[in-house]
Amino acid sequence: MIRNLYLTILTSFIYTYQGELISHEFIESFDKNQVQAILNSEFGNLAPEALYDVTIYKVIYNTIDPYGNEVIASGVIGYPENLNQAFPMISWQHGTEVRRESVSSNSGFSVLSLWLTTRGFIFLEPDYLGLGESEILHPYCIKTPSAWTTIDLVRSAQIFFENEDDHLYYPITSNKDLILFGYSEGGYVTMATHYMLENQNINEFNLLASFPMAGPYDLSGIMVDLMLTLEPYGEPYYLPYVLVPYINYYQLGSLDDYFLPEYAEMFEYLFNGEYSGSFINSIMPEIPIEVLLPSVIENFSYDQNHPLRLRLSENNLWDWSPNADMYLFHGLADELIPYENSQLAYDSFIQNGSENIHLYLAPEEYGGHSEVAQYCLISAYQICENNYKSIINKGDLNNDQIFNIQDILLIINFILSENHDNNLLSWTSDLNNDGNVNVLDVIMLTNIILEVNF
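Chemist: Looking at this structure, how should I read the nonpolar core?
Modeler: Most often, soluble globular proteins keep nonpolar side chains buried together rather than apart. Counting 87 residues, the largest nonpolar core has Met191, Phe259, Phe267 and Phe271 as its most contacted members. Here the element with the most residues in this core is helix H8 (residues 238-249); it accounts for nine residues. Membership of the second largest hydrophobic core comes to 37 residues, among which are Leu116, Ile179, Tyr183 and Ala362.

Structure, rendered in structure tokens:
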């Protein structure tokens, strides 16, 4: 019993550091006219109306690695500029990257982050471990560190918006609503994050919905079967990109135990963050398993208890029961990550009793893995815009989109209350942005109500 108490205290001590904001650095800002021009150029008639000026920051924060040790990670926080509104958060989990510098914390706004922030969402994007500021081996398609890296960025964003020091104050705030988006590897990370939030009962945020798109949710089945075929594959480097971190983090032996000698030697350094996927592809055979030792292929193919197969199975994401809404998107013509991954997940979730699960399979004519991404993203955005975007205005304490006597009574109750720990309620009540909630805010809200009604 004492041992269990000790472990509980130790775990709590470690977890207090997860999501700690270490530093933040301004990247860039655009006014809404500039944003509109960029979106018009990129999307033409599909471009939305830009509603807000936008700003994006790079952040460095604490999370944990695959061993459970404290490490740093980086990402971005983009937000609409309006001091009188609290916005929902969208965390976007990007697709597969190998080169450490090819992340948003180095490049700033993308058209996706511009679109979402100017429409009234706080935009979050983790670089992932092994990318950006993190120099460890990227734990590609390992669910636990993938999820924590995302969750801890959201935690660091809360600290970012509540940060106050001698020089900086960010009155922009979140309404605590969280939406998860991701495509390809990002679809996998999105699913892993949704799973972790619910499995660990993490209720710091209000998870409204997730949109896992084109992810490899069945690593040990559908993806293994695809890789074992003797046919060319569009991105052959995916195979060693999965195997190298699995061998490393799960201590399954050395690379020489799995790969042909010439490839084992190269894979020791090709995934160190300095090389691109296209470069690695250029020295890979078109059929990925040709980099493996024949004995490994044979043993893995017939041994259902092969250590690598078991570890892959541990990281599957289809056999559980989501509670929050989930929208699965996949292209029927996806040649890299077959749509059966999403079909299996959907069927399993429904069988396990989940109710708010939706599956959208894009027709074959929409194209393959890369081509169908824009359709998936725009469709997911429209669902999100119509069903999940709630922006809270200062003074509207009950969030009914009306300023009236009910809001005045709520401010008065807040002033009289001894419990002022609700940061969002405190922010909503502080109409003059002076950091205090008092009779001046009641007077301001009264004047707003009189102006609206008369």
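Chemist: Mind showing me how you'd approach the pairing of strand E8 (residues 325-331) here?
Modeler: For a regular strand, side chains alternate in direction, first toward one face of the sheet and then toward the other. Of all seven residues making up E8, seven are buried, and the element is well covered by its neighbours. The side-chain alternation of E8 yields two buried faces, one formed by Asp325, Tyr327, Phe329 and Gly331 and the other by Met326, Leu328 and His330. As judged from the six bridges shared by E8 and strand E9 (residues 357-362), these two strands associate in the parallel manner. Bridging from a neighbouring strand, glycine 331 pairs with alanine 362 of E9. Each parallel crossover has a hand, and the one from E8 via helix H13 (residues 340-351) to E9 is right-handed.

Chemist: What is the right way to read a nonpolar patch on the surface from this model?
Modeler: Taken together, the side chains of Ile405, Leu409, Ile412 and Leu416 present a nonpolar region at the surface, about 390 Å² in accessible area. Inspection of the secondary structure puts isoleucine 412 in helix H15 (residues 405-416). A relative accessible area of 32% means that isoleucine 412 is categorised as partly exposed.

Chemist: Any chance you could explain the environment of proline 307 here in plain terms?
Modeler: Counting through the fold element by element, proline 307 comes out in helix H12 (residues 307-314). We classify proline 307 as partly exposed; its relative accessible area is 43%. Sequence separation between proline 307 and tyrosine 183 is 124 residues, and the spatial gap between their C-alpha atoms is 28 Å.

Chemist: Sorry, what's going on with the pattern of salt bridges here?
Modeler: In the structure shown here, the tally under the stated rule is eight salt bridges. Here arginine 99 makes a salt bridge to glutamate 101, at a shortest N to O gap of 3.6 Å. When salt bridges with common partners are traced through the structure, they connect Arg119, Glu385 and Lys389 into a single cluster.

Chemist: Help me understand the environment of serine 348, please; the structure alone is not making it clear to me.
Modeler: Relative to the assigned elements, serine 348 resides in helix H13. In this structure serine 348 comes out as buried when scored by relative accessible area, which is 8%. Residues serine 348 and tryptophan 320, spaced 28 residues apart in sequence, show a C-alpha to C-alpha distance of 7.5 Å. Discounting chain neighbours no more than four positions away, the residues touching serine 348 are Trp318 and Asp319. Reaching out from serine 348, the side chain makes a polar contact with the backbone oxygen of tryptophan 318 at a distance of 2.8 Å.

Chemist: What am I meant to see in the packing of aromatic side chains here?
Modeler: The geometry of an aromatic ring pair is captured by two quantities: the separation of the ring centres and the angle between the planes. Summed over all chains, the structure comprises 31 aromatic pairs. Judged by centre distance (5.4 Å) and plane angle (45°), the rings of tyrosine 246 and tyrosine 250 are tilted. Take tyrosine 246 and tyrosine 250: they sit in the same class, and that class is buried. Judged by centre distance (6.1 Å) and plane angle (75°), the ring pair of tyrosine 327 and tyrosine 388 falls under edge-to-face. Highlighted residues: tyrosine 327 in strand E8 and tyrosine 388 in the loop between helix H14 (373-387) and strand E10 (392-393), separated in sequence by 61 residues. Above the plane of the ring of phenylalanine 300 lies arginine 309, whose end atom (NZ or CZ) is 4.4 Å from the centre. In this arrangement the basic side chain of lysine 394 is found over the ring face of tryptophan 427, its NZ or CZ atom lying 4.0 Å from the centre.

Chemist: I keep staring at the packing of H8 against H12 and nothing clicks. Help me out?
Modeler: Closest axis-to-axis distance for the H8/H12 pair is 11 Å, and the angle between their directions is 100°. Of the possible angle classes, the one that applies to H8 and H12 is roughly perpendicular. Residue-level contacts link Val242, Leu243 and Tyr246 of H8 to Leu308, Arg311 and Leu312 of H12. Partitioned by chemical class, the residues of the contact of H8 with H12 number five nonpolar, no polar and one charged.

Chemist: Got a minute to help me understand helix H6 (residues 185-199) in this structure?
Modeler: Along an α-helix, a turn takes 3.6 residues, which lines up residues three or four apart on a common side. With 15 residues, H6 ought to run about 21 Å at 1.5 Å a step, and its terminal C-alpha atoms sit 21 Å apart, in line with that. By the criterion of burial, H6 is predominantly enclosed, with 13 of the 15 residues buried. Looking at the residues trailing H6, positive phi occurs at asparagine 201, about 55°.

Chemist: What exactly am I supposed to notice about the side chain of lysine 143 here?
Modeler: By secondary structure assignment, the location of lysine 143 is in helix H5 (residues 143-162). Although buried, lysine 143 forms no salt bridge, and the nearest oppositely charged side chain, glutamate 314, lies 7.7 Å from it. Of note is the side chain of lysine 143, whose polar atom sits 3.1 Å from the backbone oxygen of glutamate 314. With residues up to four places along the chain from it excluded, the contact list for lysine 143 reads Tyr188, Ala192, Tyr195, Glu314, Asn315, Asn316 and Leu317.

Chemist: Looking at this structure, how should I read the environment of serine 74?
Modeler: By the secondary structure assignment, serine 74 is in strand E3 (residues 70-80). For the pair serine 74 and isoleucine 449, spaced 375 residues apart in sequence, the C-alpha to C-alpha distance is 43 Å. Not counting residues up to four positions away in its chain, the partners in contact with serine 74 are Val59, Ile60, Tyr61, Ser105, Pro126, Asp127, Tyr128, Leu131, Gly132 and Glu133. A distance of 2.5 Å separates polar atoms of two side chains, one belonging to serine 74 and the other to aspartate 127. At a separation of 3.0 Å, a polar atom in the side chain of serine 74 contacts the main-chain amide nitrogen of glutamate 133.

Chemist: Looking at this model, I keep getting lost on a negative patch on the surface. Mind explaining?
Modeler: A cluster of acidic residues, Asp256, Asp257, Glu265 and Glu268, forms a negative patch on the protein surface. Counting through the fold element by element, aspartate 257 comes out in the loop between H8 and helix H9 (261-267).

Chemist: Hey, could you run me through the side chain of asparagine 175 in this one?
Modeler: Tracing the sequence through the fold places asparagine 175 in strand E6 (residues 173-183). On the accessibility criterion, asparagine 175 (6% relative accessible area) is buried. Separated by 2.5 Å, the side chain of asparagine 175 and the backbone oxygen of serine 390 make a polar contact.

Chemist: Mind showing me how you'd approach the confidence of the model for the protein chain here?
Modeler: Fine structural detail should not be taken from predicted coordinates in areas where pLDDT scores are low. Averaged over all residues, the pLDDT of the protein chain is 91; the fraction at 70 or higher stands at 93%. Across residues 1-16, confidence stays below pLDDT 50; counting only partners more than four residues off in sequence or on other chains, it has one contact.

Conventions used here
Residues numbered from 1 in each chain as written. Predicted model: local features only at pLDDT ≥ 70, side-chain atom pairs only at ≥ 80, totals over all residues. Heavy atoms only, no water. Core = buried A, V, L, I, M, F, W, Y, C linked by side-chain atoms within 4.5 Å. Buried < 20%, exposed > 50% of the residue type's maximum accessible area, 1.4 Å probe, protein only. Helix = DSSP H or I, 4+ residues; strand = E, 2+ residues; numbered from the N terminus. Pairing = 2+ DSSP bridges. Right-handed = clockwise from strand over helix to strand, strands pointing away. Patch = residues over 30% accessible without salt bridge, like charges linked within 9 Å, V, L, I, M, F, W, Y side chains within 5 Å. Areas by Shrake-Rupley, 256 points an atom, 1.4 Å probe, with all protein chains shown as cover. Salt bridge = Lys/Arg side-chain N within 4 Å of Asp/Glu carboxyl O. Contact = heavy atoms within 4.5 Å. Polar contact = N/O pair within 3.5 Å; in protein donor to acceptor, adjacent residues only side chain to side chain. Phe/Tyr/Trp six-rings, centres within 6.5 Å; stacked < 30°, edge-to-face > 60°. Lys NZ or Arg CZ within 6 Å of the ring centre and 35° of its normal. Axes fitted to C-alpha atoms, helices over the stretch in contact; angles between N-to-C directions. Parallel < 35°, antiparallel > 145°, perpendicular 65-115°, else oblique. Nonpolar A, V, L, I, M, F, W, Y, C, P; charged D, E, K, R; others polar. Expected span 1.5 Å × (residues − 1). Lys, Arg positive; Asp, Glu negative; His and termini not counted. Charge placed at Lys NZ, Arg CZ, Asp CG, Glu CD. pLDDT = per-residue confidence, 0-100.

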